[in-house]
Amino acid sequence: MAQKVITVNINVYEQAVTNRHSAYEISFVNKYLDEGWLIKETIHNSTSANWTNITFILEK
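What counts as what
- Residues numbered from 1 in each chain as written.
- Predicted model: local features only at pLDDT ≥ 70, side-chain atom pairs only at ≥ 80, totals over all residues.
- Heavy atoms only, no water.
- Helix = DSSP H or I, 4+ residues; strand = E, 2+ residues; numbered from the N terminus.
- Contact = heavy atoms within 4.5 Å.
- Areas by Shrake-Rupley, 256 points an atom, 1.4 Å probe, with all protein chains shown as cover.
- Pairing = 2+ DSSP bridges.
- Axes fitted to C-alpha atoms, helices over the stretch in contact; angles between N-to-C directions.

(A) A look at the overall build of the chain. Along its length, the chain carries 1 helix and 3 strands. The order of helices and strands in the chain, counted from the N terminus, is β-α-β-β. A sequence separation of at least 24 residues applies to 54% of the contacts in the chain between residues at least 6 apart. Surface summary for the chain: the accessible area is close to 4,500 Å², and the carbon and sulfur share equals 50%.

(B) View of the sheet that holds strand E3 (residues 51-59). Reading across from one edge, E1-E3-E2 is the order of the 3 strands in this open sheet, with antiparallel pairing throughout. With partners counted over all chains shown, the strands left at the sheet margins are strand E1 (3-11) and strand E2 (38-46), one partner each. Neighbour to neighbour, the strand axes of the sheet diverge by 20 degrees on average, direction disregarded. Where E1 meets E3, 9 bridges bridge the pair, whose relative direction is antiparallel. Bridging across to E3, Gln3 finds its partner in Glu59. Running at roughly 155 degrees to E1, helix H1 (residues 27-34) makes contact with E1, E2 and E3 of the sheet.

What follows is the structure in structure tokens.
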């Protein structure tokens, strides 16, 4: 069984502004999903007031 770990940093400043919402598509994670990798776990961390970090642990 193989694993990959991918970390993504997203600026979420606009989330803090009233009545604004954002959606992000992470194309290189989608690429791995298209290749048959599965998301085993996700880990979310706020790195500062405007940034969030998402770590994807993929498994195949």
